[in-house]
Amino acid sequence: MKLDELIQSSGEWLRGEGPEADIVISTRIRLARNLSQFPFLTRADEAARVEIERILSGQIARLASRKSLNYFDVTSLQRLDRQFLVERQLISRELSEGQGPRGVGFSTAENVSLMVNEEDHLRIQVLRSGLALESCWQEINQIDDLLEEQVCFAFNEQLGYLTACPTNCGTGIRVSVMLHLPALVQTKEIQKVFQALHKIGLAVRGLYGEGSQAMGDFYQISNQTTLGKSEEQLIKNLKDVIPNIIGYERRCRTALVKENRQGLHDQVSRAYGILKSAQTITSEETMQHLSSLRMGINLGLIEDLPIPTVNELFIFTQPAHLQKLRHSSLDSGERNVARASYLRERLAPQN
Amino acid sequence: MKCQTCPSPATLHITEIVKGVAAEHHFCDECAQQYLSQAEAKGNDLPPGVAADEEGESKLKELDQLACPNCGITFKEFRKQGRLGCPHDYVAFQEELLPLLESIHGETQHFGKVPKRTPDDSRKQYRLIKLRGELKVAIAEESYEQAAKLRDEIQQLEQETQTAPAEEETE
Ligand SMILES: [Zn+2]
Ligand SMILES: [Zn+2]
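Since this is a predicted model, take the numbers as computed values, not measurements.

Colleague: Help me understand the coordination of the zinc ion (ligand 2), please; the structure alone is not making it clear to me.
Modeller: Geometry reference: four tetrahedral donors at a metal, ideal angle 109.5 degrees. Six octahedral donors, ideal angles 90 or 180 degrees. Residue and element names in this part refer to chain B. Summarising the metal site, the zinc ion (ligand 2) is bound by the protein donors Cys68 (SG), Cys71 (SG), Cys86 (SG) and Asp89 (OD), whose distances to it range over 1.9 to 2.4 Å. Coordination at the zinc ion (ligand 2) is tetrahedral: its four donor atoms span angles of 92 to 119° at the metal. We note that the donor set of the zinc ion (ligand 2) lies within a single chain, spaced as C-x2-C-x14-C-x2-D. In this pair, Cys68 sits in the loop between helix H3 (54-65) and helix H4 (75-81) while Asp89 sits in helix H5 (residues 89-92), placing the two residues 21 residues apart along the sequence.

Structure representation (structure tokens):
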């Protein structure tokens, strides 16, 4: 598979299917693993990194028949291609901007990805549309089992899987659910949610992971600790709390409609209008209006646009996607024009 | 990841342990320097009870010098970058790491998945890390006889631990 073919399609996790998909965009689980016979990457010289990459890319090739994985050597990718994979959630920023031999294998459906030589030797990730904690865990656990038949991961009985950063040792798991919470943001109730989550040991992040600001009212909720609880317990913690947040968001939406249906309808329609007709638009403004639009569709205020299209637009209006679509490198002013033109095309009545 | 005080990307990850409580900091180079120099300045200004505790201070210095026999990382380096050097560090720095893990996770005992094929002898794995390091030195020093011996031993160990790379699949 060529990287450029990806622009013709989008990941399965954007389909807007699965339980609670109006609020839960996606579920993701990742596992951090290290080969026991090598130092962690901070202490691995070039030769060790080459060897780690050779072993793990060999393992990914072995898995490929079952999972239809494509492997890419990240060092040979252009900056734009790396950014493109970050926008698609297939690699992390750390892998994209890192140094030395490293790579990624991901499935054609884009719901499995294995990063080699990121912070740990291996980061496995499974991504699904909607709230799908169990099926993510089943699949990632199976991949981990398949790998463990062939390689030896660093593990000790007291501290579990050993990772470069002590914050990940034990299970090495991060379970996260990405939620679209526009009504909680608009009513400023979101702060209360953050505080409550923090108290029970869950972390909140923006759309593109650590350190990034929440864009388009998307929030990732994930476990903060990895040691001392089983994978199932950590998953259950999230599974117990997510319905409360979904319920809270729904109540806020209902209240917004009840208080001022006309005002809300107006806000959503204006957002739609701007996206359909703007001649130049920033990424930030796009995200903000797409978020309104997405909520409007879910509330039945907008009827001629399917959710998967909106989900896709969040990703396809990102800088690297636009440049791939236009087959050229664009500065930020040119991107704003290209973004507006792409939005007009996609939102034109025949689509 | 972004620097916690400015919009630049974070390049330094500092895990600080104050009274057994771990705090993680993420800084860009510039902010890290500033933070560290401030921390040092503060260090000279410790409350009398602490500053007078020379024994404690020398203990901390001793602790910082503590190095992993396999990968060579010192505890000080770990504290600076927040990343360990090799799996053996969890054993080599166990005494220091346990309170840190306790404050991060609230627990110090793994309770989850166990690999079906546990490293049958983890010492063998650590020995491999060490031998590879020695091999590098031997090559650098042009002691080829020693290097050849080390290579044989590494190969032998790799076979025993069955972690050699998968055979490339034929089409
Ligand atoms: Zn900074
Ligand atoms: Zn070490």
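Colleague: Please explain the pattern of salt bridges as it appears in this structure.
Modeller: Oppositely charged side chains can pair when the atoms bearing their charge come close. All names here are of chain A. Using the criterion set out here, one finds 25 salt bridges over all chains in the structure. The residue Asp120 makes a salt bridge to Arg123 at a minimum N-O spacing of 3.0 Å. The pair formed by Asp120 and Arg123 is uniform in burial state, with each residue classed as buried. A salt bridge links Glu134 to Lys239; the shortest N-O distance between them is 2.9 Å.

Colleague: Help me understand the interface of chain A and chain B, please; the structure alone is not making it clear to me.
Modeller: Across the boundary between the two partners, chain A contributes 53 residues, which contact 46 residues of chain B. Interface area, chain A with chain B, both sides summed: about 4,400 Å², of which 56% is carbon and sulfur. Among the residues of chain A in contact with chain B, A:Gln37, A:Arg43 and A:Pro166 are the three that bury the most area, contributing 15% of the side total. The interface formed by chain A and chain B holds five salt bridges in total. One salt bridge in this structure joins B:Arg83 and A:Glu119, with 3.2 Å as the shortest N-O distance. Secondary structure elements with two or more residues in the side of chain A that touches chain B: helix H1 (46-67), helix H4 (133-148), strand E6 (155-156), strand E7 (160-161) and helix H7 (231-277) of chain A. Here the element with the most residues in the side of chain A that touches chain B is H1(A); it accounts for five residues. When the residues that make up the side of chain A that touches chain B are grouped by side-chain class, the tally is 18 nonpolar, 20 polar and 15 charged.

Colleague: Even after reading the chapter, I still don't get the packing of helix H10 (residues 319-326) of chain A against helix H11 (residues 332-347) of chain A, so can you show me in this structure?
Modeller: Each pair of packed helices can be summarised by the angle the axes make with each other and by the distance between the axes. Residues and elements named next belong to chain A. In the contact formed by H10 and H11, the axes pass within 10 Å of each other and the chain directions differ by 75°. In terms of their interaxial angle, H10 and H11 are classed as roughly perpendicular. On H11, the residues touching Pro319, Leu322, Gln323, Leu325 and Arg326 of H10 are Arg335, Ala338, Arg339, Ser341, Tyr342 and Glu345. Partitioned by chemical class, the residues of the contact of H10 with H11 number five nonpolar, two polar and four charged.

Colleague: Can you help me understand the side chain of A:Arg28 in this one?
Modeller: Along the chain, A:Arg28 falls in strand E1 (residues 24-33). Although A:Arg28 lies buried, it forms no salt bridge, and the closest oppositely charged side chain, A:Glu118, sits 9.2 Å away as judged by the N-O distance.

Colleague: Please clarify how the environment of A:Phe106 should be interpreted in this entry.
Modeller: Residue and element names in this part refer to chain A. Topologically, Phe106 is positioned in strand E3 (residues 103-107). As a C-alpha pair, Phe106 and Ala348 span 242 residues in sequence and 33 Å in three-dimensional space. For Phe106, the residues in contact, after removing those within four places along its chain, are Met1, Leu3, Leu6, Ser68, Leu69, Asn70, Phe72, Leu85, Leu90, Val112 and Ser113.

Colleague: Just checking my understanding: could you explain H1(A) for this structure?
Modeller: Turn by turn, an α-helix covers 3.6 residues, leaving residues three or four places apart pointing in a common direction. Residues and elements named next belong to chain A. Taking 1.5 Å of rise per residue, the 22 residues of H1 would be expected to cover 32 Å, and the 29 Å separating its terminal C-alpha atoms lies within 8% of that figure. Those residues of H1 not exposed but buried are Ala48, Arg49, Ile52, Glu53, Ile55, Leu56, Ser57, Gln59, Ile60, Leu63 and Lys67. In this fold, the buried residues of H1 make contact with strand E2 (69-73), E3, strand E4 (112-116), strand E5 (122-129) and H4. Of the residues trailing H1, Ser68 is marked for its positive phi of about 40°.

Criteria and thresholds
- Per-chain numbering applies: the sequence of each chain, read as written, is numbered from 1 onward.
- Both sets of labels track the order of writing: A upward for chains, 1 upward for ligands.
- The predicted nature of this model means local features are confined to residues of pLDDT at least 70 and side-chain atom pairs, given and counted, to a pLDDT of 80 or more, with totals for whole chains, interfaces and linings taken over all residues.
- Hydrogens are left out, water is left out, and the side-chain values use all remaining heavy atoms of the structure.
- Counted as donors are N, O and S atoms no farther than 2.8 Å from the metal, or 3.2 Å for Na, K and Ca; water is not among the atoms, and sites may therefore look incomplete.
- Geometry is assigned from the angles between donors: four donors with all angles from 85 to 135 degrees make a tetrahedral site, four or six donors whose opposite pairs exceed 155 degrees while the rest stay between 65 and 115 make square planar or octahedral sites respectively, and everything else is labelled irregular.
- Only DSSP runs of H or I reaching four residues or more are called helices, and only runs of E reaching two or more are called strands; each is numbered from the N terminus.
- Within this document, salt bridges are pairs made up of a side-chain nitrogen of Lys or Arg and a carboxyl oxygen of Asp or Glu, the two lying within 4 Å of each other.
- Accessibility here uses a 1.4 Å probe with only protein chains present; expressed as a share of the type maximum, an area under 20% marks a residue as buried, one over 50% as exposed, and anything in between as partly exposed.
- In this description, contact between two residues means that some pair of their heavy atoms is separated by no more than 4.5 Å.
- Joining two parts hides part of their accessible area as seen by a 1.4 Å probe, and the buried area is that hidden amount summed over both.
- Note on residue classes: Ala, Val, Leu, Ile, Met, Phe, Trp, Tyr, Cys and Pro are nonpolar, Asp, Glu, Lys and Arg are charged, and everything else, Gly too, is polar.
- Convention adopted: a line fitted to C-alpha atoms gives each axis, helices being fitted over their contacting stretch, and angles between N-to-C directions are expressed from 0 to 180 degrees.
- The cut-offs work like this: below 35 degrees is roughly parallel, past 145 is roughly antiparallel, 65 to 115 is roughly perpendicular, and the gaps in between are oblique.
- We count Lys and Arg on the positive side and Asp and Glu on the negative side, and we leave His and both chain ends out.
- Here, expected helix span is obtained from the residue count minus one, scaled by 1.5 Å.

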